[in-house]
Amino acid sequence: MTSTRFRPIGFDARPGTLLALALVGAVLTGAAIAVPDLLLRPAAANAVTAERGPMLQIPGWGDLGAFILSNGKNAYCIERSTVTAVGPFRGAEVLDELPRATAKGGAVGTTPALTSAKRMRQLNYILDVWGQTTSPSRAAKVQTAVWIIRNDTGMDWWLANLKATARGKAVYDGAVAMIETAAEQAVAPIAPKPIVGQLEVSIEAGGEVGRVTYPAGGVRSITLKNAEFTETTTTTTTTTTTTTTIASGLSRDGGAFTFRPTVPADAPFTVKATAKWRTEGTRGWEPEVQVFTPATDGDQRSAYATGASTPEALTGTLTASGTYAPAPQPMFELSSRAQAESEVGGTLTDTIIVSGNAAGILQPGSVDAVAYLEPNAGSPKYGEDWEPLEDPDEPGAVLRWTAAELDAMSAEERCTAQPVVRAGRGDARIPVTGEGSFATDPVEARSAGVVFWVERYWQGDIIVAQGRCGIPEERTVIDAPGVETRAMPEAVIGQVVTDTATISGRLAAEADYWIVFEAFSARRDPQGRAVCEAGNRVFRSEAVPVRELGEVESPGFTTQRAHGATIWWVETLGFTSAANGASIPIARGECGIENETTRVLVPEPRMEPELEPWSEPEPKPQPESMPKPKPEPEPASLPETGAGDSRLPILGAGALLLVGGFTAAAQVMRGRRALREPRR
């Protein structure tokens, strides 16, 4: 495309020049320039067309803003570098990407397709929140934001010229603010989640009171058959001759209501509960817009928002029932004696005692026992297979008992709130043919705590007698082995570091215990809490077998500079289930504690010992009578180096020796003559 240079704003134009430049600017910039009617393409019959909408005049550029389609919607040009959007249009379609410049009848150009779902969602948000306006200033900002997101050919040049004037700069700043808001607020719709919890109905001994428990997530109403709710002072109920419905006072976190059966308790009866639930999704914006394609190839394409949407709500029904059978006249006694203590990973049993004469024991009969794990505030909630219950709103996290829900229970309700296992003979109840003691098969203890057993006597599928929860003789205390750890306090980079665990308490003989050591680069969350998770884990050992009490040392790993200055160790002690082979944790250490911290030091650089500088020793003083040593002659250079002949110093030295010799000889001779001559 041939580029055109514009004269600076405020130039003195001759007649006709302004119109010509405005038309050229419209083609090059996509600005909504006011043009004579003869330049507008005539509309076909019944076709969607466009006319000028709210527009802001930009000095030196013309009008910038929206066009109003014949359907009453504000539409905005997609490509900046083609003619204005006046139609007619072939029709509209919802697109999750903007096609390249030459696709779907667009203008000739090199602009690629806009395929980013994130930016398409932002585009839909901007057109939805600000696009349908009568304000020229806002429409100009929306159009500019659309073009910035589209990133059409020549946008940098166009934006630089737009910001050259105060009004154009204000439009640009507003468009950027819209894009920043869209980046934060334009979220995708979130589909609703179904309720995964269960509705439960229980009727206490005597048949005079019951309890219906509903799960978290969105229960809207509960209907009971053969019973009525007792909390009429705080809730709204509707009662017919056979049912009662409660439709207020329900919590999204789940809860429970007590009820009173409306049928006589002197014969077996069933209370049925039906709960209706509804969950809703979260409103958001899809990554798509409504695009109008021009009837003539090369003309401008226009778009407006498909708008925000909320996924369709989910609805469903939960049902549960509880059956009550009155206790028969006392013709026999039922009691039990539980195993007093056990260890996590070990086993526990209950012994059911049936006493009375043969005529008084109902036949055919069978017995079993239910183990109830005592709940405590902050402890995990367990299901009927002694498995931790997962929080439906936080995958990977477990549900935990709260002090508030435990305080709302009676002692009996709290005792029976958490059944974790049903014990009999295998998967069946134990047949009873007369009085005697009947021991349940051993069951695996999967968590520490206190278990209360409740024995039950069945005739067919009806419980005709059962014990009471909380009796001391029917209690089993389950202990867990203790573990304390001590990490290496310091290490230098490149050194192998380890952790040491000390196992205390008791180990079940039949259990396979193990311990896993993990190390993490020290990191804290914005609230200052220590974080030990997969993202900052630097080491995880295999499961190390624990066969006896005492110390267990972890496998080591080599510290690296990338591990940071501080390493936190966390240990997990557990056992392998003999029932299903699952790895069940017993205890996990705390993240960031002092005795589980190794500080990583940078090794000091190795320094060579400094040597004293060499100096020539001072000469020792000589007595005056001793001849001073003659200086050593300088070593002669070799002839080939260009120095003088080395024979001359040698000849000179020889001459000196001869002279010295003659002198000494002369002195000796003079001495001898002196001895010979007589004294005068």
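We now turn to the structure provided with this report. Just so it is clear, the model here is predicted, and its values are computed rather than measured.

Thresholds applied
Residues numbered from 1 in each chain as written. Predicted model: local features only at pLDDT ≥ 70, side-chain atom pairs only at ≥ 80, totals over all residues. Heavy atoms only, no water. Buried < 20%, exposed > 50% of the residue type's maximum accessible area, 1.4 Å probe, protein only. Helix = DSSP H or I, 4+ residues; strand = E, 2+ residues; numbered from the N terminus. Arc of directions from axis to C-beta. Disulfide = S-S within 2.5 Å. Pairing = 2+ DSSP bridges. Salt bridge = Lys/Arg side-chain N within 4 Å of Asp/Glu carboxyl O.

### Topic: helix H4 (residues 155-162)
Listed as buried for H4 are Met155, Trp158, Leu159 and Leu162. An end-on view of H4 places all buried positions within 95 degrees of arc, on one side of the element.

### Overview of the state of the cysteines
One pass over the full model with this rule turns up two disulfides. Here cysteine 415 is linked by a disulfide to cysteine 469, with a sulfur-sulfur distance of 1.8 Å. In this structure the cystine formed by cysteine 415 and cysteine 469 twists about its S-S bond by roughly -70 degrees; its chirality is therefore left-handed. With cysteine 415 in helix H7 (residues 411-415) and cysteine 469 in the loop between strand S28 (462-466) and strand S29 (475-479), this pair connects stretches of sequence that are 54 residues apart. Looking at cysteine 469, the relative accessible area reads 6%, which means it is buried. Sulfur-sulfur distance for the disulfide between cysteine 532 and cysteine 591 comes to 2.0 Å. The chirality of the disulfide connecting cysteine 532 with cysteine 591 is right-handed, given an S-S dihedral of about 70 degrees.

### Overview of the pairing of strand S1 (residues 50-58)
In this structure, S1 lies alongside strand S2 (residues 62-69), joined through seven bridges in antiparallel fashion. From the neighbouring strand, glutamate 51 faces S2, where its bridge partner is isoleucine 68. Between S1 and S2, which pair antiparallel and follow one another directly, the connecting turn spans three residues, one of which, glycine 60, has a positive phi of 85 degrees.

### Some words on the pattern of salt bridges
Where charged atoms from two side chains of opposite charge approach closely, those side chains can pair. Per the counting criterion, the structure on display carries 22 salt bridges. For arginine 52, the salt bridge goes to aspartate 63, with nearest N and O atoms at 2.7 Å. Placement of arginine 52 in strand S1 and of aspartate 63 in strand S2 is noted, with a sequence separation of eleven residues between them. For arginine 52, a relative accessible area of 41% corresponds to the partly exposed category. Via salt bridges that share partners, Glu341, Glu343, Asp479 and Arg506 belong to a single interconnected network.

On their own, these measurements won't tell you what the molecule is for.
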